[in-house]
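Geometric and topological summary
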Amino acid sequence: MTADDGRRRNDAAAPGHDVPTGADGEQPGPAGGGTVQPVLADEGTTSVPEPEPRPKADATAEVAVINKPTAIGFVAPALGLIGVFMMFPAVWALYLGLTNYRVTGTAAREPEFVGTDNFTRALEDPLFTSSLWITLIFMAFSGVVGQMGLGFTLAWLFRRWRGWTRRTIEVLVIMSWIIPGSVVAFLWRAFLDGEGGTLNALIPGDVTTEWLLRQPLLAIIVFNIWRGTAFAMLLFDAALNTLPPSHLETAKVSGASTWQTLRDIVFPAVRGHMLTTALLVSMWTFNLFTPFLLTGGGPNYQTEVLAIYVYRVGFGQGDFGFGSAVSAVMLVINLIIALVYFRVLRDRRKKA
């Protein structure tokens, strides 16, 4: 074959160019082994079809499925429930906090707008200040220190356990969390009772200590630690499972102690999980009403956390306006706790 024959063959292979055919009217296939179907243009010649552009209907169809009305339709039920059961009560409580609304009397029929008098009255009430201080102590020792500390310790100790032993422990721990609070409170009252209580029976000697009267704050702190440790343990167990085993094995081979492993490897890796757990446990403990079932806020207001304080002034004394104002103060404190958490989490992400 001469150079002119090769040039003519290459020109004929270009798209849209007429190609002479053989007697059977077929073209040799591409390199992949397939065959190109010839298109008859004129008698004795064929035209290679140009590739058709891919239709754009697929991309537009995906966008059309998740259009704005459809997205609003999916979100609307959740927003409706949040608005009815969360936003409306909060706004209504804030409105009542600005009035002198009471359960009975003329103030119940025609409540008057009193502005910020209820908030000023709350800040000047020594029982409110005492309740706020008790609530912060209760939250710090039972929630942050007790539940988080014990929950992390249990998750760390049981991280290598597998099989029925681990499942049995998890079931026992979770049972303390899923049992209704009223049942748990009744069991703890029987446990701490001065006459015939289980705790006094376990202590050697003739002990008749009324723990709910002698150590009421310590009693509700221990009660809440026992009640909520399972929740913290589950969160920390999930966080520890995200650690690469090679990191812990490297620390072990290097001769690092348990504290050095926790300080240099574990805590930096699960810091985000710890912040999330701290937020959830803190807010849950701050708003907890269950101690009322143990002590009723007594004796002498020694265990009256803010939730019990609101119940006493709102339902016990019938002063809904003042109770709503204290509830609004609790809402603001919860928002401050959440803002501090998000600020710390944002700073951590910037450093990362």
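For the structure, check the block above.
The residue numbering used here restarts from 1 in each chain and proceeds along that chain's sequence as written. In keeping with the predicted nature of the model, local features appear solely for residues at pLDDT of at least 70, side-chain atom pairs appear and are counted solely at 80 or more, and the whole-chain, interface and lining totals rest on all residues. Heavy atoms throughout the structure, all of them, feed into the side-chain values; hydrogens and water do not.

1. Details of the packing of helix 12 (residues 245-253) against helix 13 (residues 258-269)
How two helices pack is summed up by the angle between their axes together with the distance between the axes. Spelled out, the test is: Here, axes are lines fitted to C-alpha atoms. For helices the fit covers the stretch in contact, and angles between N-to-C directions go from 0 to 180 degrees. Working definition: helices are DSSP H or I runs of at least four residues, strands are E runs of at least two. Numbering for both runs from the N terminus. Roughly parallel refers to an angle under 35 degrees, roughly antiparallel to one over 145, roughly perpendicular to one between 65 and 115, and oblique to any angle outside these ranges. Here a crossing is taken to be left-handed if its near helix is turned anticlockwise relative to the far helix by less than a right angle, and right-handed if that turn runs clockwise. The contact rule is simple, with two residues in contact once any of their heavy atoms fall within 4.5 Å. Ten residue types, Ala, Val, Leu, Ile, Met, Phe, Trp, Tyr, Cys and Pro, are classed as nonpolar, four, Asp, Glu, Lys and Arg, as charged, and the remainder, Gly among them, as polar.
Where helix 12 contacts helix 13, the two axes come as close as 11 Å, and the packing angle between them is 150°. One way to sum up the angle between helix 12 and helix 13 is to call them roughly antiparallel. As for how helix 12 packs across helix 13, the hand of that crossing is right-handed. Counting all contacts with helix 12, which are made through H247, L248 and A251, the residues of helix 13 involved are T261, I265 and V266. Residue composition of the contact of helix 12 with helix 13, by class: four nonpolar, two polar and no charged.

2. Section: the packing of aromatic side chains
For any pair of aromatic rings, the description consists of the separation of the ring centres together with the inter-plane angle of the planes. The condition that has to hold: Each pair of aromatic rings taken from Phe, Tyr and Trp, with Trp reduced to its six-membered ring, is defined by centres within 6.5 Å and is described as stacked if the planes are under 30 degrees apart, edge-to-face if over 60, and tilted in the remaining cases. Think of it in three bands: residues with accessible area under 20% of the maximum for their type are buried, residues over 50% are exposed, and the middle band is partly exposed, with areas taken using a 1.4 Å probe on protein chains only.
Per the counting criterion, the structure on display carries 18 aromatic pairs. Aromatic side chains F152 and F236 sit 5.3 Å apart centroid to centroid with 90° between the ring planes, which places their arrangement in the edge-to-face category. Of this pair, F152 sits in helix 6 (residues 126-157) while F236 sits in helix 11 (residues 216-240), and the two are 84 residues apart along the sequence. Since its relative accessible area comes to 1%, F236 is described here as buried. Ring geometry for F292 and Y311: centres 5.2 Å apart, planes at 65°, overall edge-to-face. Separated by 19 residues along the polypeptide, F292 in helix 15 (residues 291-295) and Y311 in helix 16 (residues 306-316) bring together distant segments of the chain. Judged by its relative accessible area of 27%, F292 is partly exposed. Overall, the relative accessible area of 36% leaves Y311 in the partly exposed class. An aromatic cluster is defined as three or more aromatic residues linked by ring pairs; in this entry it consists of Y101, F289, F292, Y311, F315 and F320.

3. Some thoughts on helix 14 (residues 271-286)
Rules: The span you would expect from a helix comes to 1.5 Å times its residue count less one.
Given a rise of 1.5 Å per residue, 16 residues ought to cover 22 Å, and the 22 Å separating the end C-alpha atoms of helix 14 matches this to within 8%. Taken together, the buried positions of helix 14 are G272, L275, T277, L279, V281, S282, T285 and F286.

4. Regarding the nonpolar core
As a reminder of what qualifies: To form a nonpolar core, buried Ala, Val, Leu, Ile, Met, Phe, Trp, Tyr and Cys residues must be joined to one another through side-chain atoms within 4.5 Å.
Counting residues in each nonpolar core, the largest one holds 21 residues, and the members touching the most others are F152, W156, M233, F236, L240 and V266. Going through the elements one at a time, helix 6, helix 7 (164-178), helix 11 and helix 13 are the ones with two or more residues in this core. Among the elements that make up this core, the one with the highest residue count is helix 11 (seven residues). In this view, M233 contacts G151, L154, A155, F158 and V173; residues no more than four positions away in its chain are not counted.

5. Overview of the side chain of S142
Here is the rule: Any N or O atom pair separated by 3.5 Å or less is treated as a polar contact, with the protein-specific requirement of one donor-capable and one acceptor-capable atom, and with residues adjacent in sequence counted only for side-chain atom pairs.
Turning to its location among the elements, S142 is positioned in helix 6. Only 2.4 Å separates the side chain of S142 from the backbone oxygen of F138, close enough to count as a polar contact. A polar atom in the side chain of S142 sits 3.0 Å from the side chain of N224. Ignoring sequence-local partners within four residues, the contact set of S142 consists of I137, Q147, I221, N224, I225 and T285.

6. Here's the deal with the environment of G83
Structurally, G83 is set in helix 3 (residues 68-96). Judged by relative accessible area, which is 27%, G83 ranks as partly exposed. Look past the residues within four positions of G83 in its chain and what remains in contact with it is F88 and P89.

7. Looking at the pattern of salt bridges
For the record, the criterion: One side-chain nitrogen of Lys or Arg within 4 Å of one carboxyl oxygen of Asp or Glu is enough to make a salt bridge.
Evaluated as defined, the whole model comprises four salt bridges. Two residues, D319 and R102, come together in a salt bridge whose shortest N-O distance is 3.7 Å. Here R102 lies in the loop between helix 3 and helix 4 (106-109) and D319 lies in the loop between helix 16 and helix 17 (320-351), a separation of 217 residues in the sequence. Here D319 falls in the buried class, since its relative accessible area comes to 6%. A residue is classified by how much of its surface remains accessible, and R102, at 31% relative accessible area, is partly exposed. Ionic pairing is found between D264 and R263, a salt bridge with its closest N-O pair at 3.1 Å. Judged by its relative accessible area of 48%, D264 is partly exposed.

8. Things to note about helix 13
Put simply, the test is: An arc is given here, and it is the one of the directions from the helix axis to the C-beta atoms.
Taking 1.5 Å of rise per residue, the twelve residues of helix 13 would be expected to cover 16 Å, and the 15 Å separating its terminal C-alpha atoms lies within 8% of that figure. Burial in helix 13 covers these residues: T261, L262 and V266. For helix 13, the angular spread of buried residues about the axis comes to 95°, placing them on one side. If you follow the buried residues of helix 13, they end up packed against helix 6, helix 11 and helix 12.

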